[in-house]
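# Topology and contacts: notes
In case you want the letters, here they are:
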Number of protein chains: 2
Amino acid sequence: MNTLIWNQLTAAEQAAALTRPVQTVAEQTRQTVAALIAEVRAGGDAALRAITQRFDGVAPESFEVSEAEFEAAENAVSAELRQALVEAIARIRIFHQAGMAQPYTVQTAPGVTCGKVIRPIARVGLYVPAGSAPLPSTAMMLGVPAQLAGCGQVVLCTPPRKDGTADPAVLVAARLTGVQRVFKLGGAQAIAAMAYGTEQVPACDKLFGPGNSFVTEAKQQVAQSGAAAIDMPAGPSEVLVIADAGANAAFVAADLLSQAEHGPDSQVLLLSDSDALIAAVAIEVEKQVAVLSRSEIARKALAASRLIRVDSLDQAFAISNRYAPEHLILALREPESWLEQVQAAGSVFLGDYTPEALGDYCSGTNHVLPTAGAARAYSGVSVASFQNQISVQSASAEGMAAIGPCALTLARAEGLGAHANAVALRLGVSP
Amino acid sequence: MNTLIWNQLTAAEQAAALTRPVQTVAEQTRQTVAALIAEVRAGGDAALRAITQRFDGVAPESFEVSEAEFEAAENAVSAELRQALVEAIARIRIFHQAGMAQPYTVQTAPGVTCGKVIRPIARVGLYVPAGSAPLPSTAMMLGVPAQLAGCGQVVLCTPPRKDGTADPAVLVAARLTGVQRVFKLGGAQAIAAMAYGTEQVPACDKLFGPGNSFVTEAKQQVAQSGAAAIDMPAGPSEVLVIADAGANAAFVAADLLSQAEHGPDSQVLLLSDSDALIAAVAIEVEKQVAVLSRSEIARKALAASRLIRVDSLDQAFAISNRYAPEHLILALREPESWLEQVQAAGSVFLGDYTPEALGDYCSGTNHVLPTAGAARAYSGVSVASFQNQISVQSASAEGMAAIGPCALTLARAEGLGAHANAVALRLGVSP
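On a predicted model such as this, the values are computed, not experimentally measured, just so you know. (Residues numbered from 1 in each chain as written. Chains lettered and ligands numbered in written order. Predicted model: local features only at pLDDT ≥ 70, side-chain atom pairs only at ≥ 80, totals over all residues. Heavy atoms only, no water.)

So, about helix α9 (residues 249-260) of chain A. Residue and element names in this part refer to chain A. For α9, which comprises 12 residues, the first-to-last C-alpha distance of 16 Å matches the rise-based estimate of 16 Å (1.5 Å per residue) to within 8%. Taken residue by residue, α9 has Ala249, Ala250, Phe251, Val252, Ala253, Ala254, Asp255, Leu256, Leu257, Ser258, Gln259 and Ala260 as its buried positions. Between a side-chain oxygen at the N-terminus of α9 and the backbone nitrogen of Ala250 the separation is 2.9 Å; the capping residue is Asn248. (Helix = DSSP H or I, 4+ residues; strand = E, 2+ residues; numbered from the N terminus. Expected span 1.5 Å × (residues − 1). Buried < 20%, exposed > 50% of the residue type's maximum accessible area, 1.4 Å probe, protein only. Polar contact = N/O pair within 3.5 Å; in protein donor to acceptor, adjacent residues only side chain to side chain.)

What follows is the structure in structure tokens.
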């Protein structure tokens with residue numbers, strides 16, 4: 001890992017230090033994904049079968065997970081794992097439910113009531129990756145808010161394994177969160193199927209979930225074409241840790257590594273005002289990475305990662321807000337007192353005993369979060385991501401009398417005669 | 001206008017009846033916009049000047065509206081118009097403030113607290129069109145929620161007029177809502193400037209507002225590239241009216257026309273279970289359109305519009321939810337009792353005295369709304385559109401003891417050893 005001293009860097013070097021591993025979508029990826037989407041739109045299930053054979057090496061007659069497969073999954077999952085899923089889901093539900101938006105009405109003038117009603121998005125599609133590791137945790141993170149929102153149609157796609165089955169833990173998590181139908185489909189083809197619908201796969205209004213660069217590009221393309229909305233742009237995972245001299249170097253190193261193991265393009269940054277802590281973390285990282293199961297992946301990610309010595313914690317927060325990390329760990333003595341300084345981040349972890357891994361699995365917060373600096377303007381998945389908020393207004397004749405003249409003046413100023421007329425007719429005046 | 005009887009249509013004819021005027025972005029538009037964005041990125045202000053000269057016929061030395069211009073605008077706007085802006089802004093503020101999300105925390109396990117904090121998006125850019133008519137109302141609709149959110153940098157672009165000045169009412173509305181800087185820039189070049197920044201125009205994290213097909217395409221392209229987030233995909237405006245036999249045909253006709261006058265590609269639909277009402281509305285539309293200032297535009301829009309006789313109001317709501325209109329007017333006897341049936345729409349107007357024009361200007365709700373069926377999965381602009389919601393979690397050692405084992409089990413199941421290690425270290429167990 002590179003150690004840098006922030007104040008000794010030029011502006012250009014500072015910018016370079018915060019540059020993420022290259023994310024530009026290769027023109028090749030763009031074209032491949034466009035071709036796959038076109039293939040699925042034109043060929044439906046037959047195309048899905050051919051593509052799945054090509055990429056996953058299996059070609060199931062039916063993509064949909066059957067009742068028998070769900071039962072087999074229940075048997076394949078250990079009691080301990082099932083219990084962990086149940087527990088985690090309960091906490092995710094508590095947190096998400098507490099934050100649900102409420103309908104409201106307010107009188108804005110005598111006889112004029114305005115409000116919002118909240119409705120579930122009718123048809124949603126969830127994507128759960130299973131590349132280097134299947135992610136039942138993602139099924140929980142998407143399934144729980146969809147269920148709380150009350151979406152009428154909830155489908156989930158996850159890639160088939162070599163033997164044509166789906167990961168049992170993903171299936172159990174899906175069932176526990178009320179997902180209705182699961183399809184063994186992965187990649188851009190799964191996104192295309194949920195956006196446009198095929199004979200087997202129903203079309204969805206909005207698609208959710210992380211994925212590799214093909215899945216991400218496919219989501220962007222279907223959103224761009226207006227076929228389906230998406231939760232947010234996704235990219236390689238990342239963490240930024242702000243640690244003071246009192247932080248536990250072994251804990252900090254473990255947190256950096258638990259991000260680095262996600263993928264070779266993951267990025268981890270440490271900001272600290274303590275030379276001693278930075279040196280200790282560097283040693284701990286080397287020690288811990290050596291014995292990791294995914295140490296090769298982690299080492300690749302570490303190459304693009306940085307330990308940065310800052311002048312002060314204030315400077316650290318300024319840098320963090322500029323970077324807008326997906327995950328932000330505050331390994332500080334009084335982390336709550338620093339929270340006010342956080343302006344842009346996906347999810348924040350306070351103190352020595354709140355590693356990112358807790359939020360990834362079971363603290364209750366969502367782990368589908370904005371990456372690549374998108375946290376400057378996007379928030380993580382919540383129940384609201386699965387809802388429409390619809391404005392409603394109601395004016396009585398008295399209300400029209402109260403605010404109609406204002407509307408009339410503005411309509412005239414904008415030269416919109418028919419708008420003026422619609423108001424004037426009700427007021428019984430000339431437009 | 002075409003009158004159709006829903007139950008006599010085939011499924012294909014029903015689908016055709018709900019098809020919006022073509023929205024496919026021409027490859028030509030896509031390329032033109034991409035070239036304009038590239039020109040602004042490469043050439044900065046000089047490019048903006050050349051492009052503005054080309055499209056708007058003026059080339060201001062400084063795009064930014066000066067203090068003298070703001071003062072001149074104040075003098076140019078009538079006292080009546082200024083008062084209408086002040087009044088409308090006050091109601092928009094009441095409605096938007098009442099709906100603001102609140103931070104919250106909840107304990108999800110002993111020693112584990114999760115919550116959300118809410119932060120303004122730091123840098124936002126507002127776009128106010130001024131094509132066939134300048135829209136001070138849009139400046140209000142974007143400026144008020146940006147101000148309530150507390151965004152640190154709020155800039156606004158609006159096209160220059162032939163004489164190089166900006167519309168005075170837009171400037172007054174911008175000032176009244178706390179917009180800090182206004183630039184006389186329109187079209188794709190304005191979007192590019194706010195997304196990437198130039199010498200004069202500061203870069204923004206998120207862009208808001210409606211616009212023509214070039215503006216819309218430019219917003220899509222900068223969002224796709226990750227340069228800036230956008231509020232929502234925009235398209236031609238539209239209204240769907242559901243009216244019963246008791247509705248006032250003149251009012252309904254006026255509402256249909258106030259949508260139709262927006263542009264030739266606007267769409268208006270009437271659904272009614274009453275033949276008599278439909279016939280009366282058709283006559284009223286002809287009568288009213290003849291004397292409109294923008295009757296030519298309205299007539300073009302009417303060509304793509306439809307009066308549809310439904311079997312029942314229940315059927316009308318099913319059709320409306322399928323169409324997902326931007327504006328939905330319920331010209332019904334007991335509109336509140338039907339509200340429950342509305343599943344997808346941008347903004348709903350209840351009863352005979354709530355024309356869409358009230359919501360366009362001054363009921364208090366926002367008029368920047370999802371079009372083209374996007375209301376199935378997008379909501380209109382609100383204060384939340386200008387905010388980040390950031391998850392925060394905090395576990396004590398006790399909290400780690402309570403939920404760490406759950407995280408450990410899930411990390412192991414996903415094969416993520418470093419995640420397991422980060423938890424195990426704190427628990428003092430082996431990963």
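Once the structure has been displayed, the description carries forward.
With 112 residues of chain B in contact, the opposing surface of chain A contributes 112 residues. Interface of chain B and chain A: buried area, both sides summed, is about 9400 Å²; carbon and sulfur atoms make up 60% of it. Contact with chain A buries surface across chain B, with B:Gln393, B:Glu414 and B:Arg426 losing the most and accounting together for 9% of the total. Between B:Asp255 and A:Arg426 there is a salt bridge; the shortest N-O distance is 2.8 Å. Applying the counting criterion to the chain B and chain A interface returns 56 residue pairs in polar contact (both at pLDDT 80 or more). The pairing of strand β14 (residues 387-395) of chain A with strand β13 (residues 347-350) of chain B spans four bridges and is parallel. (Contact = heavy atoms within 4.5 Å. Buried area = accessible area lost by both parts, 1.4 Å probe. Salt bridge = Lys/Arg side-chain N within 4 Å of Asp/Glu carboxyl O. Pairing = 2+ DSSP bridges.)

Turning our attention to the domain arrangement of chain A. Residues and elements named next belong to chain A. Taken as a whole, chain A is organised into domain 1 (27-230), domain 2 (235-379) and domain 3 (396-427). Computed over C-alpha atoms, the centres of domain 1 and domain 3 are 46 Å apart. On the domain 3 side, the residues contacting the four residues of domain 1 number five residues. Overall, the association of domain 1 and domain 3 removes approximately 320 Å² of surface from exposure, summing both partners, and the carbon and sulfur fraction of that is 67%. The largest share of the area that domain 1 buries against domain 3 comes from Pro110, Gly111 and Val112, three residues that together contribute 87% of it. Where domain 1 packs against domain 3, one counts one residue pair in polar contact (both at pLDDT 80 or more). Here the residues of the side of domain 1 that touches domain 3 sort into three nonpolar, one polar and no charged. (Domains from an automatic or database assignment. Nonpolar A, V, L, I, M, F, W, Y, C, P; charged D, E, K, R; others polar.)

All names here are of chain A. Where helix α15 (residues 397-413) contacts helix α16 (residues 417-427), the axes come no closer than 9 Å and their chain directions differ by 155 degrees. Between α15 and α16, the crossing angle belongs to the class labelled roughly antiparallel. Of the two elements, α15 crosses α16, and the hand of that crossing is left-handed. Contact residues: Met400, Ala401, Gly404, Pro405, Ala407, Leu408, Ala411 and Arg412 in α15; His419, Ala420, Val423, Ala424, Arg426 and Leu427 in α16. By residue class, the composition of the contact of α15 with α16 is 10 nonpolar, two polar and two charged. (Axes fitted to C-alpha atoms, helices over the stretch in contact; angles between N-to-C directions. Parallel < 35°, antiparallel > 145°, perpendicular 65-115°, else oblique. Left-handed = near helix turned anticlockwise from the far one by under 90°.)

Attention shifts here to the packing of aromatic side chains. Here a ring pair, both rings aromatic, is described through the centre-centre distance and the interplanar angle of the planes. Residues and elements named next belong to chain B. Counting across every chain of the model gives eight aromatic pairs over all chains. Seen in terms of ring centroids, Phe208 and Phe386 are 3.8 Å apart; in terms of plane orientation they differ by 10 degrees. Their pairing is stacked. In this pair, Phe208 sits in strand β7 (residues 206-208) while Phe386 sits in the loop between α14 (356-361) and β14 (387-395), placing the two residues 178 residues apart along the sequence. Classification of Phe208 by relative accessible area gives buried; the value is 1%. According to the relative accessible area criterion, Phe386 is buried, its value standing at 0%. One cation-aromatic arrangement involves Arg20 over Tyr323; the distance from NZ or CZ to the ring centre is 3.6 Å. Above the face of the Phe70 ring, Arg175 is positioned so that its terminal group lies 3.8 Å from the ring centre. (Phe/Tyr/Trp six-rings, centres within 6.5 Å; stacked < 30°, edge-to-face > 60°. Lys NZ or Arg CZ within 6 Å of the ring centre and 35° of its normal.)

This part takes up the pairing of strand β2 (residues 104-109) of chain A. Residues and elements named next belong to chain A. In this sheet, strand β3 (residues 112-120) lies alongside β2 in antiparallel orientation, the contact comprising five bridges. Its bridge partner being in β3, Tyr104 is matched across the sheet by Lys116. Connecting β2 to the antiparallel partner β3 that follows it, the hairpin turn spans two residues, and Gly111 within it adopts a positive phi of roughly 85 degrees.

Its location among the elements puts A:Met141 in helix α5 (residues 136-149). Those residues in contact with A:Met141 that lie beyond four places of it in its chain are A:Ile92, A:Gly359, A:Asp360, A:Tyr361, A:Thr365, A:Asn366, A:His367, A:Val368 and A:Val381.

Turning to the pairing of strand β6 (residues 181-184) of chain A, a few remarks are in order. Residue and element names in this part refer to chain A. Both strand β5 (residues 153-158) and β6 contribute to a ladder of four bridges, which runs parallel. For Cys157, the partnering residue across the bridge sits in β6 and is Phe183. Read from β5 through helix α6 (residues 168-176) to β6, the crossover connection turns out right-handed. (Right-handed = clockwise from strand over helix to strand, strands pointing away.)

Take the packing of helix α4 (residues 79-98) of chain A against α5(A) next. Residues and elements named next belong to chain A. Where α4 meets α5, the axes come as close as 10 Å, and the angle between the chain directions of the two elements is 40 degrees. As judged from the angle between their axes, α4 and α5 are oblique. Where α4 crosses over α5, the two elements pack in a sense that is right-handed. On α5, the residues touching Leu85, Ala88, Ile89, Ile92, Arg93, His96 and Gln97 of α4 are Pro136, Met140, Met141, Val144, Pro145, Gln147 and Leu148. Here the residues of the contact of α4 with α5 sort into 10 nonpolar, three polar and one charged.

This part covers the relation of the copies chain B and chain A. Mapping between the two copies of the chain is achieved by a rotation about an axis and a shift along the axis. The operation relating chain B to chain A is a screw motion whose rotation component is 180 degrees, with 0.0 Å of axial translation and a residual RMSD of 0.0 Å. Both copies of the chain, as the preceding transformation shows, are related through a two-fold rotation axis. A share of 100% of the interface residues of chain B reappears at the interface of chain A, consistent with the copies meeting face to face through the same patch. (Least-squares fit on C-alpha atoms with pLDDT ≥ 70 in both.)

Our focus in this paragraph is the UniProt feature "binding site: substrate" (unreviewed entry) in chain A. As annotated in UniProt, the feature "binding site: substrate" (unreviewed entry) corresponds to A:Ser237, A:Gln259, A:His262, A:His327, A:Asp360, A:Glu414 and A:His419 in the numbering used here. Spatially, the listed residues are scattered: they cover 183 residues, and their C-alpha atoms lie as much as 55.4 Å apart. If you trace the backbone, A:Gln259 turns up in helix α9. Here A:Gln259 is in contact with A:Ser237, A:Glu238, A:Val239, A:Ser266, A:Gln267, A:Val268, A:Glu326, A:His327 and A:Glu356, once residues within four sequence places are set aside. At 2.4 Å, the side chain of A:Gln259 and the side chain of A:Ser237 are in polar contact. With respect to the helices, strands and loops of the structure, A:His419 is situated in helix α16. Excluding anything up to four places from it in sequence, A:His419 contacts A:Ala411, B:Ser258, B:Glu261, B:His262, B:Ala357, B:Asp360 and B:Tyr361. (UniProt positions renumbered as here; feature names shortened; annotations may be inferred.)

Residue and element names in this part refer to chain A. Within the secondary structure layout, Arg306 lies in strand β11 (residues 306-309). As for Arg306 and Val285, which are separated by 21 residues in sequence, their C-alpha atoms are 12 Å apart. The residues contacting Arg306, other than those within four sequence positions of it, are Met1, Asn2, Leu4, Ala16, Ala17, Thr19, Gln267, Val268, Leu269 and Leu270. Polar contacts involving the side chain of Arg306 include one to the main-chain carbonyl oxygen of Ala304, which spans 3.0 Å.

The next thing to look at is the UniProt feature "binding site: Zn(2+)" (unreviewed entry) in chain A. If you check UniProt for "binding site: Zn(2+)" (unreviewed entry), the listed places come out as A:Gln259, A:His262, A:Asp360 and A:His419 in our numbering. In terms of the greatest pairwise C-alpha distance, the residues named above, spread along 161 residues, do not form a single cluster, extending to 55.4 Å across. As for its position among the elements, A:His262 is in the loop between α9 and β10 (267-272). Setting aside residues up to four positions removed in sequence, A:His262 forms contacts with A:Ser237, A:Arg294, A:Ile297, B:Leu416 and B:His419. With relative accessibility at 1%, the residue A:His419 sits in the buried group.

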